[in-house]
Amino acid sequence: MIPNTSGASAGRAIALVGPMAVGKSVIGHQLSQQLGVPFVDTDAVIVEHHGTIADIFAGRGEHAFREIEARTVARAIEAANISGAVVSLGGGAVLDSGTQQLLGDCTVVYLECDAGTVAERIARNTGRPLLAGDAMARWETLFAARRPVYERLADIVIDVRTGTVAEIALDVEEGLREYAALKEEVQK
Ligand SMILES: Nc1ncnc2c1ncn2[C@@H]1O[C@H](COP(=O)(O)OP(=O)(O)OP(=O)(O)O)[C@@H](O)[C@H]1O
Ligand SMILES: O=C(O)C1=C[C@@H](O)[C@@H](O)[C@H](O)C1
Ligand SMILES: [Mg+2]
């Protein structure tokens, strides 16, 4: 592992996790640009190869989606552990036990928020089948169930309740730097 001044480590993926609409995709993209590393959004890869998420859920069901997702995430992490890429996961990807194991080899950044942060975003929800109906109630139920998993997997927790995408991406970069320095200290 070669720590560098950006806080990113060559040969270790940076994985962004957190609930739906927290900002994994937009912050991950911004962060990758700052760090000068590749960016992969696993939902986008799934859509590219299999069609929209809404269509996969409607036509093949959630179980089939989760299988596709686990395979896609595994490939993305494998490649990112060589390139040092930023990988933004789908909100529910962390539920898969194989994915949880693979995340052990990544630097996992949990983007932390509350319902207020995402309320407006999910009110104009498009294409998130698990939020069909009462989007806010669905989001809160899913978040309550998944929150302990996000917390357990996280190496770094970033509060995204306030701040622009650019500001938060800088916070993540600082978090990565601090985490890398701490790790180096422990390994001495
Ligand atoms: N800090 C922020 N300030 C303003 N808008 C934001 C912020 N973070 C995210 N957004 C907006 O919220 C919406 C959801 O963001 P994004 O798609 O990145 O979430 P996500 O965590 O990837 O969600 P999903 O799990 O559904 O993939 C987008 O329209 C994005 O531009
Ligand atoms: O939280 C979830 O389970 C999901 C989140 C999205 O990123 C997509 O992966 C899909 O809509 C499912
Ligand atoms: Mg996303």
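What comes next is a walk through the structure. The model shown is predicted, which means the values in this text are computed figures rather than measured ones.

What follows covers the site of ligand 1. Surrounding ligand 1, one finds 18 residues, the nearest of these being Gly23, Lys24, Ser25, Val26 and Gly91. Residue assignment for the shell around ligand 1 shows that the elements contributing at least two residues are helix H1 (24–35) and helix H7 (165–187). Sorting elements by how many residues they give to the shell around ligand 1 places H1 first, with three residues. Taken together, the residues that form the shell around ligand 1 break down as seven nonpolar, seven polar and four charged.

Let's shift gears to the pairing of strand S3 (residues 14–17). The alternating pattern of S3 places Ile14 and Leu16 on one face and Ala15 and Val17 on the opposite face, and all of these are buried. Looking at chain direction, S3 and strand S5 (residues 86–88) are connected through three bridges and run parallel. Bridged to Leu16 within S5 is Ser88. Note: S3 against strand S6 (residues 107–112), four bridges, orientation parallel. Note that in S6 the partner of Val17 across the bridge is Tyr110.

Within the largest apolar cluster, 41 residues are counted, with the highest numbers of intra-cluster contacts made by Ala15, Val87 and Val109. Sorting the residues of this core by element identifies S3, H1, helix H3 (53–83), S5, S6, helix H6 (135–153) and H7 as the ones contributing at least two each. Element by element, the count of residues in this core is highest for H7, at five residues. Contact partners of Val87, with chain neighbours within four places excluded, come to Ala13, Ile14, Ala15, Val40, Thr42, Ala76, Ile77 and Ala80.

The rules behind each value
- Residues numbered from 1 in each chain as written.
- Chains lettered and ligands numbered in written order.
- Predicted model: local features only at pLDDT ≥ 70, side-chain atom pairs only at ≥ 80, totals over all residues.
- Near = placed C-beta within 6 Å.
- Helix = DSSP H or I, 4+ residues; strand = E, 2+ residues; numbered from the N terminus.
- Nonpolar A, V, L, I, M, F, W, Y, C, P; charged D, E, K, R; others polar.
- Buried ≥ 20, exposed ≤ 12 C-beta atoms within 10 Å, placed from the backbone.
- Pairing = 2+ DSSP bridges.
- Core = buried A, V, L, I, M, F, W, Y, C linked by C-beta atoms within 7 Å.
- Contact = placed C-beta atoms within 7 Å.

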